[in-house]
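# Residue-level structure breakdown
Letter by letter, the chains look like this.
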Amino acid sequence: MSSADIMAMHQYLTFTLGDELFALDIGWVKEILDNTNITRIPRMPDFIRGVINVREKAIPVIDLRLKFGMSGTVFTTNTCIIIAEVRTEGDFILIGLLADSVQEVLELEQDRIDPPPRMGSAVDTRFLIGLGKLNERFVLILDIGRVFSNEELSTARNAGGMATENMETVVSASACP
């Protein structure tokens, strides 16, 4: 394999939502967590399920199924939270993405990725980089930077901030005699 071939190859984390197989560039993925307790934050959009505590930092959790117009995630032993970094207004935010299951990391050469289909996709094709060919199956490759508007990311960031403020309040309250 030449260095040009290696440069043309990308690694993706694959995961499922319902019957669909999705992929996310591994460069945006920070870690994968098993299903954990999600603290609901009042008055958030439905697709923001709440926040989780990751090393004393409140990370907003997004239900991608709801964001994509599917029914909400039903939690099972396979449910995972993918912690991803997303760029917003010149800054980065960590968000948790609910997935029905995480599959594997795979490498796809650029010539195995077609442009997003114009119709017939389970999700808005504006959210896709392309359609990867994987043996006899297709994988919807997400452009995580296009999935959320700046307003949605701002709301998610605020959810994390509100939870962090409450965590500090709880810590202060518990420190009182």
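For the structure given in this document, a descriptive report is provided here. Small disclaimer: the values here were computed from a predicted structure and weren't measured. (Residues numbered from 1 in each chain as written. Predicted model: local features only at pLDDT ≥ 70, side-chain atom pairs only at ≥ 80, totals over all residues. Heavy atoms only, no water.)

### Section: the pattern of salt bridges
We apply this condition: Salt bridge, as used here: a side-chain nitrogen of Lys or Arg that lies within 4 Å of a carboxyl oxygen of Asp or Glu. Helix and strand assignments follow DSSP, with helices taken as H or I runs no shorter than four residues and strands as E runs no shorter than two, numbered in order from the N terminus. Working definition: with a 1.4 Å probe on protein chains only, accessible area under 20% of the residue-type maximum means buried, over 50% means exposed, and in between means partly exposed.
Counted according to the given criterion, the structure contains nine salt bridges. Across the salt bridge formed by E85 and K30, the nearest N and O atoms sit 3.6 Å from each other. With a gap of 55 residues between them, E85 in strand 6 (residues 80-88) and K30 in strand 3 (residues 29-34) connect regions that are remote in the sequence. For E85, a relative accessible area of 23% puts it in the partly exposed group. Here K30 falls in the partly exposed class, since its relative accessible area comes to 45%.

### Considerations on unusual backbone geometry
If you check the backbone angles, R43 has positive phi at about 60° while not being a glycine. Checked against the element boundaries, R43 lands in the loop between strand 3 and strand 4 (48-54). According to the relative accessible area criterion, R43 is exposed, its value standing at 85%. Phi at R55 takes a positive value of approximately 50°, unusual for a residue other than glycine. Position of R55 relative to the elements: it lies in the loop between strand 4 and strand 5 (57-63). Here R55 falls in the exposed class, since its relative accessible area comes to 65%.

### As for the environment of M9
Turning to its location among the elements, M9 is positioned in strand 1 (residues 9-17). Measuring from C-alpha to C-alpha, the distance between M9 and D111 comes to 9.1 Å, with 102 residues separating the pair along the chain.

### Observations concerning the sheet that holds strand 3
Keep this limit in mind: The criterion for strand pairing is that DSSP finds at least two bridges linking the strands in question. Axis geometry follows a simple rule: fit a line to the C-alpha atoms, using only the stretch in contact for helices, then measure angles between N-to-C directions, giving values from 0 to 180 degrees.
On the basis of which strands lie adjacent, the open sheet formed by five strands has the order 3-6-7-5-4 and mixed pairing. The sheet terminates laterally at strand 3 and strand 4, the two strands that pair on one side only. Strand after strand, the sheet turns through a mean of 35° between neighbouring axes, direction not considered. Sheet topology note: the strand 5/strand 7 (residues 91-99) ladder contains three bridges and is parallel. Among the inter-strand pairings, D63 is bridged to a residue of strand 7, identified as L98.

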